[in-house]
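Below, each chain spelled out in residue letters.
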Amino acid sequence: MNLADLNKVAVAMTANGKGILAADESTGTIKKRFDGIGVENTEDNRRDYRELMFRTAEAMKNCISGVILYDETIWQKAKDGTPLVKVIEQMGAIPGIKVDEGTKPLPNCPGELITAGLDKLPERLPKYYEQGARFAKWRAVIDIAAGIPSYTAIHTNAHALARYAALCQQNQIVPIVEPEVLMDGDHDIDRCYEVTEFVLKETFQQLYIQRVPLEGIVLKPNMAIAGKKSAKKASVQEVAEKTVKMLKACVPGAVPGIAFLSGGQSDEEATAHLDAMNKIGNLPWNLTFSYGRALQAAPQKAWSGKAGNVGAAQAAFNHRAKMNSLAALGKWASNMEKAA
Ligand code: 13P
């Protein structure tokens with residue numbers, strides 16, 4: 001492992017004013033998104049849609065540090081025959097790859113999940129590196145409901161994340177470590193804080209046990225936020241203050257950067273929360289975005305599967321990328337949304 005080079009990539013992924021485009025929806029997940037805009041889930045449509053984002057030059061060059069791809073996309077060619085990985089590289093962004101194989105029920109833990117995909121990872125990682133991937137992503141899922149999460153689920157998922165991270169670094173690939181505490185429940189922000197704190201503490205303990213140098217990872221956490229069905233929504237300022245407090249208590253300063261998932265927040269909420277945290281400032285790591293839905297919902301809607309809408313979709317993607325880039329610097333304001 002060359003840790004200095006891993007660190008360079010991790011620093012570039014979370015560089016000032018830049019964040020990550022999570023375009024790694026599995027074929028099943030992108031079907032849900034396409035269903036929402038009335039687009040058939042074919043290989044060509046998936047290619048055309050992703051290609052339009054990767055060719056949005058302004059956003060890609062100024063706001064996007066890296067793109068997380070799904071296995072299909074990393075081998076795919078653009079309409080003109082250029083590999084999509086090359087399109088991304090030509091824009092100055094770093095290609096990355098989702099390597100987990102989704103979740104399975106965790107035995108003896110009703111309602112809880114474990115992320116699969118460790119078994120063949122040592123054979124898969126060198127092939128992804130050769131194809132251009134310089135970072136990877138593995139998502140662990142922790143749900144909050146009555147009686148859960150259990151320590152069994154937190155421990156087992158943190159252990160898998162650390163095993164994945166060690167394997168990535170051994171293959172000169174920066175692991176995005178993503179322990180996602182879902183915001184699907186009716187819990188309030190303090191319950192989310194309590195669970196996420198536990199999950200992050202356990203994750204960093206497991207990373208230590210697996211001897212993963214933190215200078216060569218990027219953390220992708222959820223924010224401290226109330227569940228979507230909660231009767232008590234937290235203000236932007238409360239989310240920002242509690243998330244920063246939580247991260248400071250759990251994430252060593254050796255980690256170069258933290259890139260949040262959006263997790264079902266609205267586009268503007270995801271931007272406002274990130275901005276408010278960076279306005280607090282004086283943080284030991286760079287704080288940025290690694291959004292899927294909060295970057296893509298607007299361009300998806302604008303595109304709706306029609307070649308004639310590509311320009312409008314690119315404008316929508318460019319706008320969201322720019323808003324989030326400003327938020328990563330703490331320089332966003334809500335009137336910038338209206339101006340557009
Ligand atoms: P969302 O921003 O839509 O949560 O997706 C980010 C991601 O990569 C989840 O694994």
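Structural data are supplied above this passage.
Residues numbered from 1 in each chain as written. Predicted model: local features only at pLDDT ≥ 70, side-chain atom pairs only at ≥ 80, totals over all residues. Heavy atoms only, no water.

Draft legend 1. Expanded view of the overall build of the chain. Along the backbone of the chain there are 14 helices and 10 strands. Scaling as 2.2 N^0.38, a compact globule of 340 residues should have a C-alpha radius of gyration of about 20 Å, and the chain matches this with 19 Å. Considering the chain as a whole, with its 340 residues, one finds that 56% of them fall into the buried category. Summed over all atoms, the accessible surface of the chain reaches about 13800 Å², with 51% contributed by carbon and sulfur. Looking at charge distribution, the chain has the averaged site of its 41 positive side-chain charges lying 3 Å from that of its 38 negative ones. (Helix = DSSP H or I, 4+ residues; strand = E, 2+ residues; numbered from the N terminus. Rg over C-alpha atoms; globule rule 2.2 N^0.38 Å. Buried < 20%, exposed > 50% of the residue type's maximum accessible area, 1.4 Å probe, protein only. Areas by Shrake-Rupley, 256 points an atom, 1.4 Å probe, with all protein chains shown as cover. Lys, Arg positive; Asp, Glu negative; His and termini not counted. Charge placed at Lys NZ, Arg CZ, Asp CG, Glu CD.)

Draft legend 2. Region of the structure containing the site of the ligand. Close to the ligand lie 13 residues; Lys137, Lys220, Ser262, Gly263 and Arg293 are nearest. Between an oxygen atom of the ligand and a side-chain N or O atom of serine 262, the distance comes to 2.4 Å. If the ligand stood free it would expose 300 Å²; the protein chains cover 92% of that surface. Of all elements in the fold, only β6 (135-142) and β10 (286-291) reach the threshold of two or more residues within the shell around the ligand. Its residues assigned to classes, the shell around the ligand shows 3 nonpolar, 4 polar and 6 charged. (Near = heavy atom within 4 Å. Polar contact = N/O pair within 3.5 Å; in protein donor to acceptor, adjacent residues only side chain to side chain. Nonpolar A, V, L, I, M, F, W, Y, C, P; charged D, E, K, R; others polar.)

Draft legend 3. Structural context of the packing of aromatic side chains. Applying the stated criterion across every chain, the model contains 7 aromatic pairs. Every member of this aromatic cluster is reached through a ring pair, and the members are Phe34, Tyr49 and Trp303. Against the face of tyrosine 129 rests arginine 134, its NZ or CZ located 3.7 Å from the ring centre. (Phe/Tyr/Trp six-rings, centres within 6.5 Å; stacked < 30°, edge-to-face > 60°. Lys NZ or Arg CZ within 6 Å of the ring centre and 35° of its normal.)

Draft legend 4. Structural context of the sheet that holds strand β8 (residues 218-219). Pairing is parallel around the closed barrel formed by 8 strands, whose spatial order is β1-β2-β3-β6-β7-β8-β9-β10. Note that strand β3 (residues 94-98) and β6 share 3 bridges and pair parallel. Across the sheet, residue isoleucine 97 finds its bridge partner in β6, namely alanine 136. On the sheet, helix α11 (residues 267-280) packs against β9 (257-260) and β10 and is oriented at approximately 170° with respect to β10. Along the sheet, helix α13 (residues 310-328) makes contact with β1 (19-23), β2 (64-69) and β10, crossing β10 at roughly 160°. (Pairing = 2+ DSSP bridges. Contact = heavy atoms within 4.5 Å. Axes fitted to C-alpha atoms, helices over the stretch in contact; angles between N-to-C directions.)

Interpretation in functional terms is not warranted from these geometric data alone.
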